[in-house]
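# Examination of the molecular architecture
One letter stands for each residue in the lines below.
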Amino acid sequence: MAIEGADIVKAAAYLGAGLAMGLGAIGPGVGEGITASKACEAIGKNPNEAGLITRTMLVGQAVAESTGIYSLVIALLLLFVV
Amino acid sequence: MEFATHTWIQAAAYSSAGIAIGFGAIGAAIGEGHTASCATLAVARNPGKAGEILKTMLVGQAIAESSSIFALVIAMLLLFSNFSAESYLTVATVFSAGLCMGLGAIGSGIGSGFSAGAACTGIARQPAYSSRVMTNMLIGSAVCQTPAIFSLVTSFILLFTNFSARPVSPTWAALLGAGLSTGLAAIGPGLGGGYVAEASCEGGARNPLTTPSVINVMLLGQAVTQTTAIYGFLVSCILMFKSFPATDSIAVPILLLSSGLCMGFGAIGPGIGVGVSGQGAVRWIARNPNAAADITRTMLIGMATAQSTGIYALVVALVMIFVM
């Protein structure tokens, strides 16, 4: 079968999209998990501040999430726009 | 040079057997080594309980070993089965089955080892409650093995289903993607479940009165840890059982292969992260049982956030399969 250049470019974009979202999901998952772990530890040490600790945890996790969202955006761009 | 289909299939089966047991041996060995190191320290701490600690170590190691025994079973099947030579798709299924089981055994082996190690340490610290610690370890380690069992099931489906009626392109890529999805997705949840079980064995020994609530939260945490492994298994099942129309393009097969890679890699991080947060929660519920409700709530919120990138990966994989 004859493979055209455009076909190869498309295949590469799809492979890139899969790898971007797949590998990009590793870091935020681990990082946010560590944050949640330490938040639980902090509540264990000082239960009176549970609300404040949970809030801080969520803000920190939102920042850690950003790279995962970048990966998602790039993956969708590769799938639909490029 | 032209070779018969049978030759390629045999060559693929032999190399895949090597991949299966090669990768599959990594996890259990590390896990059991960790257990043995904890057991050695535990005997130094409490030599009077050496017999009990040795017994716990061996039981824990036996559970950790099961994931690599699954890999051994698949390797043996690949070595000695007669595969149908009707279609080149069998080359893809044997490779995929070996990769799936080999990669899938890594996380569970290491994870079960963590839980067994903490149980040995715990028995040295609190010998009067050794049977409780042992029960805790058995439950925790057993749950750690689930991702490896998903991989085993996927490998069996790949090896024993007859795909020869399907078009070679793009089915070869879908089948390879299916193996990679479950295999890679099993690494994180296996490891994460081990972290949670480790904290539970440690906590039950540190504060034996909290054992029931610690085990409850451990099971809750481990259940959430498994979700990304289930996503991986789901994507595999779709890739294996959906039939894709024949195509000449190279883009379609690569699309299906990368949907498997996307879900597989994407499940690693959330699995580990959710496990780490469960570990922190269980550990501190054992130390401060009065804060159990607050800790459990924060743990679940934190886990939901850590899970989000796994859900993105699932969505992207499903878009690749169904929308593109």
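Conventions used here
Residues numbered from 1 in each chain as written. Chains lettered and ligands numbered in written order. Predicted model: local features only at pLDDT ≥ 70, side-chain atom pairs only at ≥ 80, totals over all residues. Heavy atoms only, no water. Helix = DSSP H or I, 4+ residues; strand = E, 2+ residues; numbered from the N terminus. Rg over C-alpha atoms; globule rule 2.2 N^0.38 Å. Buried < 20%, exposed > 50% of the residue type's maximum accessible area, 1.4 Å probe, protein only. Expected span 1.5 Å × (residues − 1). Contact = heavy atoms within 4.5 Å. Buried area = accessible area lost by both parts, 1.4 Å probe. Salt bridge = Lys/Arg side-chain N within 4 Å of Asp/Glu carboxyl O. Polar contact = N/O pair within 3.5 Å; in protein donor to acceptor, adjacent residues only side chain to side chain. Nonpolar A, V, L, I, M, F, W, Y, C, P; charged D, E, K, R; others polar. Patch = residues over 30% accessible without salt bridge, like charges linked within 9 Å, V, L, I, M, F, W, Y side chains within 5 Å. Areas by Shrake-Rupley, 256 points an atom, 1.4 Å probe, with all protein chains shown as cover. Core = buried A, V, L, I, M, F, W, Y, C linked by side-chain atoms within 4.5 Å. 1 Å grid on protein atoms, 1.4 Å probe; cavity = no way out; pocket = protein on both sides within 12 Å on 5 of 7 lines; lining within 4 Å. Points joined across faces, edges and corners; volume = space filled by probe spheres on them. Axes fitted to C-alpha atoms, helices over the stretch in contact; angles between N-to-C directions. Parallel < 35°, antiparallel > 145°, perpendicular 65-115°, else oblique. Bend = angle between axes of the 7 residues up to and from the residue.

## Quick word on the overall build of chain B
Assigned secondary structure in chain B consists of ten helices and zero strands. Reading the helices (α) and strands (β) of chain B from amino to carboxyl end gives α-α-α-α-α-α-α-α-α-α. For chain B, whose C-alpha radius of gyration is 21 Å, the value lies close to the compact-globule estimate of 20 Å for 324 residues. Within chain B, the proportion of its 324 residues that are buried is 64%.

## Describing helix H3 (residues 89–125) of chain B
Because an α-helix packs 3.6 residues into every turn, residues spaced three or four apart end up facing the same way. With 37 residues, H3 of chain B ought to run about 54 Å at 1.5 Å a step, and its terminal C-alpha atoms sit 55 Å apart, in line with that. Extensive coverage of H3 of chain B is indicated by the burial of 34 of its 37 residues.

## Some remarks on the interface of chain B and chain A
Taken together, the contacts link 40 residues of chain B with 43 residues of chain A. Interface area for chain B against chain A, summed over the two sides, is near 3,400 Å², with a carbon-plus-sulfur share of 78%. Contact with chain A buries area across many residues of chain B, yet Trp 284, Thr 298 and Tyr 312 of chain B alone supply 17% of it, more than any other trio. Between chain B and chain A we count zero salt bridges in total. Between the two partners, chain B and chain A, sit 13 residue pairs in polar contact (both at pLDDT 80 or more). Among the secondary structure elements, those contributing two or more residues to the side of chain B that touches chain A are helix H9 (251–287) and helix H10 (292–323) of chain B. It is H9 of chain B that provides the largest number of residues to the side of chain B that touches chain A, a total of 18 residues. Tallied by class, residues from the side of chain B that touches chain A come to 25 nonpolar, 13 polar and two charged.

## Things to note about a nonpolar patch on the surface
A grouping of Ile 69, Val 73, Ile 74, Leu 76, Leu 77, Phe 80, Val 81 and Val 82 of chain A together with Phe 322, Val 323 and Met 324 of chain B is seen on the molecular surface, where their side chains present a nonpolar patch of about 1,000 Å² in accessible area. Counting only elements with at least two residues in the nonpolar patch, the list comes to helix H3 (50–81) of chain A together with H10 of chain B. With seven residues, H3 of chain A is the single largest residue contributor to the nonpolar patch. Here Ile 74 of chain A is to be found in helix H3.

## Quick look at the nonpolar core
Among the nonpolar cores identified, the biggest contains 54 residues, and Met 21 and Leu 79 of chain A together with Leu 239, Met 263 and Val 316 of chain B are the most heavily contacted of them. Among all residues touching Met 21 of chain A, those that are not within four sequence positions of it are Gly 68, Ser 71, Leu 72 and Ala 75 of chain A together with Cys 262, Thr 309, Tyr 312, Ala 313 and Val 316 of chain B. Within the second largest apolar cluster, 27 residues are counted, among which are Ala 39 of chain A together with Val 217, Ala 281 and Ile 285 of chain B.

## Some words on the layout of surface pockets
Space inside the largest pocket adds up to approximately 170 Å³. Residue lining of the largest pocket: 17 residues in total, with Phe 244, Val 252, Leu 255, Leu 256 and Met 324 of chain B positioned closest to the centre. For the lining of the largest pocket, the secondary structure elements donating two or more residues are helix H1 (5–24) of chain A together with H9 and H10 of chain B. With four residues, H9 of chain B is the largest single contributor of residues to the lining of the largest pocket. Residue composition of the lining of the largest pocket, by class: twelve nonpolar, two polar and three charged.

## What about the packing of H9 of chain B against H10 of chain B?
Residue and element names in this part refer to chain B. Two elements in contact, H9 and H10, have axes separated by 8 Å at closest approach and are oriented at 175 degrees. The pairing of H9 with H10 is recorded here as roughly antiparallel in orientation. Taken together, the residues of the contact of H9 with H10 break down into 19 nonpolar, nine polar and no charged.

## A word on the packing of helix H2 (residues 50–80) of chain B against H3 of chain B
Residue and element names in this part refer to chain B. Relative orientation of the contacting elements H2 and H3 amounts to 180 degrees, with a least axis distance of 8 Å. Considered as vectors, H2 and H3 are oriented roughly antiparallel to each other. Of the residues contributing to the contact of H2 with H3, the split by class is 16 nonpolar, eight polar and one charged.

## Observations regarding the pattern of salt bridges
With the rule as written, the count across this model stands at six salt bridges over all chains. Measuring nitrogen to oxygen at the nearest pair gives 3.1 Å for the salt bridge that ties Lys 38 of chain A to Glu 41 of chain A. With a gap of three residues between them, Lys 38 of chain A and Glu 41 of chain A both fall in helix H2 (residues 26–45), about one helical turn apart. Take Glu 41 of chain A: its relative accessible area is 18%, and that puts it in the buried class. Close ionic contact of Asp 294 of chain B with Arg 297 of chain B constitutes a salt bridge, the shortest N to O distance being 3.3 Å. Taken as a pair, Asp 294 of chain B and Arg 297 of chain B lie in helix H10 at a separation of three residues, close to a single helical turn. Note on Arg 297 of chain B: relative accessible area 48%, which makes it partly exposed. Bridged by salt links that share partners, the residues Glu 202, Arg 206, Arg 283 and Arg 287 of chain B form one connected network.

## A short note on helix H8 (residues 211–241) of chain B
With 31 residues, H8 of chain B should reach 45 Å at 1.5 Å per residue; the first-to-last C-alpha distance of 43 Å fits that figure. The principal kink in H8 of chain B, of about 30 degrees, is found at Thr 227 of chain B.

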